[in-house]
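As a plain string of letters, each chain reads:
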Amino acid sequence: MATVTHFHYEFSDGNGFAPGTSRGFFFGPYGWNQSAVLVNAHPFDASGSDRTLVVTEVRRRTTPDQFVEIIVQNTGRDTMYIWYVELGLISP
């Protein structure tokens with residue numbers, strides 16, 4: 001039976017994450033060999049704001065340690081100051 005694991009990361013930036021810009025993040029090192037990695041990014045829910053995030057790239061890298069690298073883009077109309085990244089692992 002598969003094992004599902006969840007990781008929650010919170011980010012904040014006093015200068016703001018402006019519309020149309022991207023941010024890169026990496027997570028690890030972790031022993032995620034033979035695991036499926038799912039990534040989602042979402043903004044802090046601010047009433048009346050148009051905030052949208054898209055994960056545009058997910059890469060796995062070994063050096064020999066294992067890392068997950070992601071690119072997140074703000075595709076909404078408003079600058080955000082708090083946002084979240086969720087990683088899910090499905091392991092055998």
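Up top you'll find the structure we're talking about.
Described in the following lines is the structure provided in the data block. Note that the coordinates shown come from a computational prediction; the quantities given were computed from them, not determined experimentally.

Some remarks on the overall build of the protein
For step 1, the next point in the chain: Secondary structure summary: the protein contains zero helices and six strands in total.
For step 2, the next point in the chain: Secondary structure of the protein in N-to-C order comes out as β-β-β-β-β-β.
For step 3, the next point in the chain: For the protein, the spread of C-alpha atoms along the three principal axes comes to 45 × 30 × 20 Å.
For step 4, the next point in the chain: Burial status across the protein gives 34% buried among its 92 residues.
For step 5, the next point in the chain: Counting only contacts in the protein whose residues sit at least 6 apart along the sequence, the fraction spanning at least 24 positions is 75%.
For step 6, the next point in the chain: Carbon together with sulfur atoms contributes 50% to the accessible area of the protein, which is approximately 5600 Å² in total.
For step 7, the next point in the chain: Averaging the coordinates of the 6 positive side-chain charges in the protein and doing the same for the 9 negative ones gives two points 5 Å apart.

Remarks on the sheet that holds strand β4 (residues 53-62)
For step 1, the next point in the chain: Overall, antiparallel pairing links the three strands, which are arranged β2-β5-β4 in an open sheet. Either end of the sheet is taken by a strand with one partner, and the two such strands are β2 (22-30) and β4. Between one strand axis and the next, the sheet turns by 20° as a mean value, whatever way the strands run.
For step 2, the next point in the chain: Where β4 and strand β5 (residues 66-74) come together, nine bridges link them in antiparallel fashion. Looking across to β5, one finds that Val 55 is bridged to Val 72.

Here we look at the nonpolar core
For step 1, the next point in the chain: Core analysis: the biggest nonpolar cluster contains 18 residues, and Phe 27, Ile 70, Val 85 and Leu 87 have the highest contact counts within it.
For step 2, the next point in the chain: Within the residue set of this core, elements represented by two or more residues are β1 (3-17), β2, β3 (36-43), β5 and β6 (80-91).
For step 3, the next point in the chain: At five residues, the largest contribution of residues to this core is made by β6.
For step 4, the next point in the chain: Each residue touching Ile 70, except ones within four places of it in the same chain, is listed here: Arg 23, Gly 24, Phe 25, Phe 27, Val 39, Glu 57, Val 58 and Val 85.

Notes on the pattern of salt bridges
For step 1, the next point in the chain: In the structure shown here, the tally under the stated rule is five salt bridges.
For step 2, the next point in the chain: Taking the shortest distance from any N to any O, the salt bridge between Glu 57 and Arg 59 comes out at 3.3 Å.
For step 3, the next point in the chain: Each of Glu 57, Arg 59, Arg 61 and Glu 69 takes part in one network of salt bridges that share partners.

Rules behind the numbers
Residues numbered from 1 in each chain as written. Predicted model: local features only at pLDDT ≥ 70, side-chain atom pairs only at ≥ 80, totals over all residues. Heavy atoms only, no water. Helix = DSSP H or I, 4+ residues; strand = E, 2+ residues; numbered from the N terminus. Buried < 20%, exposed > 50% of the residue type's maximum accessible area, 1.4 Å probe, protein only. Contact = heavy atoms within 4.5 Å. Areas by Shrake-Rupley, 256 points an atom, 1.4 Å probe, with all protein chains shown as cover. Lys, Arg positive; Asp, Glu negative; His and termini not counted. Charge placed at Lys NZ, Arg CZ, Asp CG, Glu CD. Pairing = 2+ DSSP bridges. Axes fitted to C-alpha atoms, helices over the stretch in contact; angles between N-to-C directions. Core = buried A, V, L, I, M, F, W, Y, C linked by side-chain atoms within 4.5 Å. Salt bridge = Lys/Arg side-chain N within 4 Å of Asp/Glu carboxyl O.

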